[in-house]
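A structural walkthrough
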Amino acid sequence: MKVTLENLTKVFPSRNKKKKADVTAVKDFTFEIPDGKLVGLLGPSGCGKSTTLYMISGLEKPTSGKIFFGDTDVTDTPPEKRGIGLVFQNYALYPHLTVEENIMFPLQNLKGKDKLSREQMAAKVADAARLVAIEELTDRKPSELSGGQQQRVAIARALVKTPQVLLLDEPLSNLDARLRLQTREEIRRIQKETGITTIFVTHDQEEAMSISDIIVVMREGVVQQTGAPQEIYDKPKNLFVAKFLGTPPINVFNGRVSGGALTFGDDVLFNVDGVSDGEYYVGIRPEGFILSESGAFRASLRAVSVMGRDITVVSSHTAMTGSEVRSIVNSEHISRVGEDTVRFDVNPKKVYIFDKNTEMTVPFETKGGAK
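Residues numbered from 1 in each chain as written. Predicted model: local features only at pLDDT ≥ 70, side-chain atom pairs only at ≥ 80, totals over all residues. Heavy atoms only, no water.

**Considerations on the overall build of the chain**
Of regular secondary structure, the chain possesses eight helices and 23 strands. C-alpha extents for the chain along the principal axes are approximately 75 × 45 × 45 Å. Taking all 371 residues of the chain together, the buried fraction comes to 49%. A fraction of 66% describes how many contacts in the chain between residues 6 or more apart in sequence connect residues 24 or more apart. Accessible surface for the chain amounts to roughly 18,200 Å². Of this, 47% is attributable to carbon and sulfur atoms. (Helix = DSSP H or I, 4+ residues; strand = E, 2+ residues; numbered from the N terminus. Buried < 20%, exposed > 50% of the residue type's maximum accessible area, 1.4 Å probe, protein only. Contact = heavy atoms within 4.5 Å. Areas by Shrake-Rupley, 256 points an atom, 1.4 Å probe, with all protein chains shown as cover.)

Here's what the structure looks like:
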């Protein structure tokens, strides 16, 4: 089911008696979610991603704008008639019911022509339990399950009615690291098997990038960028997107372009075409540093963390905007790390220039070819 959002806006009235200004949680959100795709709504707390999800579900009514499921305008359609499955962050399972009864609960509320017999409901519950691999747990109560198993029950309950759209509101935030990894892979598998259009809300960029077909990055209610995960990582539109995606995060410096040369203090990284002389923010991805005894980028060494295949070199530089510079290099090159000073060449494809006023990405070419 294709989901289309047209100029979607949600404004909440101010609760502050002294400051009457209303709060715009989502502003002019326009986007088309293709049929059968998994879309990640990504951003920090308070960016409007959950509010967007609740408007799609019908739990929140938009201040303005429209929502379409296929060609049908569902903006004013109540949640129970939208054909959605919704999974909350806290699972919301009924503690006094068994797993089977929890999954069956939505089917018991069907009326009229949609009403099912007990045998039909049991068959659907069995199919849903099998899909999320909990068929042997159907006699248990939620208190007898692990967090990951409870999450699977919640997903099965959302899927049992065969929804047109599956909505997941930070479904992994209550799980430990190992379970998060396992469960997100399960969510991707289930989505692929069912082909249900799925919208996944998270503040964890690694989660969003690992399972989404499309990412929507939001900030303060405004969409910053949409696209395939790797595309957004490689070509961020602005400094916020560049900083939000990536682990470790991108290193940001105060830089300058002068006479076609990109410089940090006394260090000349390389020459660039198409950029006016002036002061800029310059971002370098951690994997963009290449250890070299004659490298153009010189930094003061702070620490080296051996991670097995890779090492993380922590250093400082007078031009950096953060507290430290993090560089990821192959562990085979650890011998090139000096005692006090470390030097790098820099891969231009991992370098980004940002306007200091707008923080928008400034395109450039290196001398002799495109970036």
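**Details of the packing of aromatic side chains**
Counting across every chain of the model gives 11 aromatic pairs. Arranged with centres 5.5 Å apart and planes meeting at 70 degrees, the rings of phenylalanine 253 and phenylalanine 297 form a pair that is edge-to-face. A residue pair is termed long-range when its members are at least 10 positions apart, and phenylalanine 253 in strand β11 (residues 251-258) and phenylalanine 297 in strand β16 (residues 297-306) qualify at 44 residues. Take phenylalanine 253 and phenylalanine 297: they sit in the same class, and that class is buried. Note on phenylalanine 270 and phenylalanine 364: the rings are 6.3 Å apart at their centroids and 25 degrees apart in plane angle, and the pair reads as stacked. Highlighted residues: phenylalanine 270 in strand β13 (residues 267-273) and phenylalanine 364 in the loop between β21 (361-362) and β22 (365-366), separated in sequence by 94 residues. Here phenylalanine 270 and phenylalanine 364 have matching classes, each one buried. Connected via pairs of aromatic rings, a cluster forms that spans Phe253, Phe264, Phe289, Phe297 and Phe344. Over the aromatic face of phenylalanine 12 sits the side chain of lysine 10, whose NZ or CZ is 5.1 Å from the ring centroid. Positioned above the aromatic ring of tyrosine 281 is the side chain of lysine 356, whose terminal nitrogen or guanidinium carbon lies 4.9 Å from the ring centre. (Phe/Tyr/Trp six-rings, centres within 6.5 Å; stacked < 30°, edge-to-face > 60°. Lys NZ or Arg CZ within 6 Å of the ring centre and 35° of its normal.)

**A closer look at the side chain of aspartate 267**
Checked against the element boundaries, aspartate 267 lands in strand β13. Here the side chain of aspartate 267 touches histidine 317 through a polar contact of 3.1 Å, side chain to side chain. When residues no more than four places from it in sequence are discounted, the contact partners of aspartate 267 are Leu262, Ala296, Phe297, Arg298 and His317. (Polar contact = N/O pair within 3.5 Å; in protein donor to acceptor, adjacent residues only side chain to side chain.)

**Some thoughts on the sheet that holds β16**
Pairing is antiparallel across the open sheet formed by five strands, whose spatial order is β15-β19-β16-β17-β18. Only two strands of the sheet have a single partner each, and these edge strands are β15 (289-291) and β18 (325-330). On average, each strand axis in the sheet is inclined to that of its neighbour by 50 degrees, with strand direction left out of account. Looking at chain direction, strand β17 (residues 310-316) and β18 are connected through six bridges and run antiparallel. (Pairing = 2+ DSSP bridges. Axes fitted to C-alpha atoms, helices over the stretch in contact; angles between N-to-C directions.)

**Topic: the environment of glutamate 279**
Locating glutamate 279 in the fold gives a position in strand β14 (residues 278-284). Sequence separation between glutamate 279 and glycine 255 is 24 residues; the distance between their C-alpha atoms is 6.0 Å. Other than its neighbours up to four places away in sequence, glutamate 279 contacts Gly255, Arg256 and Lys356. Within the local environment of glutamate 279, its side chain forms a polar contact with the side chain of arginine 256, the two groups lying 2.7 Å apart.

**Overview of the nonpolar core**
Ile103, Ile134 and Ile187 are the most contacted members of the largest nonpolar core, which has 35 residues in total. Top element by residues in this core is helix α4 (residues 147-159). It accounts for six residues. Apart from residues no more than four positions distant in its own chain, isoleucine 134 is found in contact with Val99, Ile103, Ala129, Arg152 and Val153. Counting 28 residues, the second-largest nonpolar core is a separate cluster that includes Phe297, Ile311, Val342 and Phe344. (Core = buried A, V, L, I, M, F, W, Y, C linked by side-chain atoms within 4.5 Å.)

**Observations concerning helix α5 (residues 177-194)**
The terminal C-alpha atoms of α5 lie 26 Å apart, and with 18 residues this matches the ideal 26 Å at 1.5 Å per residue to within 8%. Of the surrounding secondary structure, the elements contacted by the buried residues of α5 are β3 (38-42), α3 (118-131), α4, β7 (165-169), β8 (197-202) and α6 (205-211). Positive backbone phi, at 70 degrees, marks glycine 195, one or two positions downstream of α5. (Expected span 1.5 Å × (residues − 1).)

**With respect to the packing of helix α2 (residues 99-108) against α4**
It is at 7 Å that the axes of α2 and α4 come closest, and there the two elements cross at 30 degrees. Taken together, α2 and α4 sit at an angle that is classed as roughly parallel. For the pair α2 and α4, the sense of crossing is right-handed. On α4, the residues that touch Val99, Asn102, Ile103 and Pro106 of α2 are Val153, Ala156 and Arg157. Split into classes, the residues belonging to the contact of α2 with α4 amount to five nonpolar, one polar and one charged. (Parallel < 35°, antiparallel > 145°, perpendicular 65-115°, else oblique. Left-handed = near helix turned anticlockwise from the far one by under 90°. Nonpolar A, V, L, I, M, F, W, Y, C, P; charged D, E, K, R; others polar.)

**Thoughts on the environment of alanine 228**
Here alanine 228 shows up in the loop between β10 (222-227) and α7 (229-234). Alanine 228 gets classed as partly exposed once you look at its relative accessible area, which sits at 32%. Between the alpha carbons of alanine 228 and leucine 42 there is a distance of 13 Å; along the sequence they are 186 residues apart.

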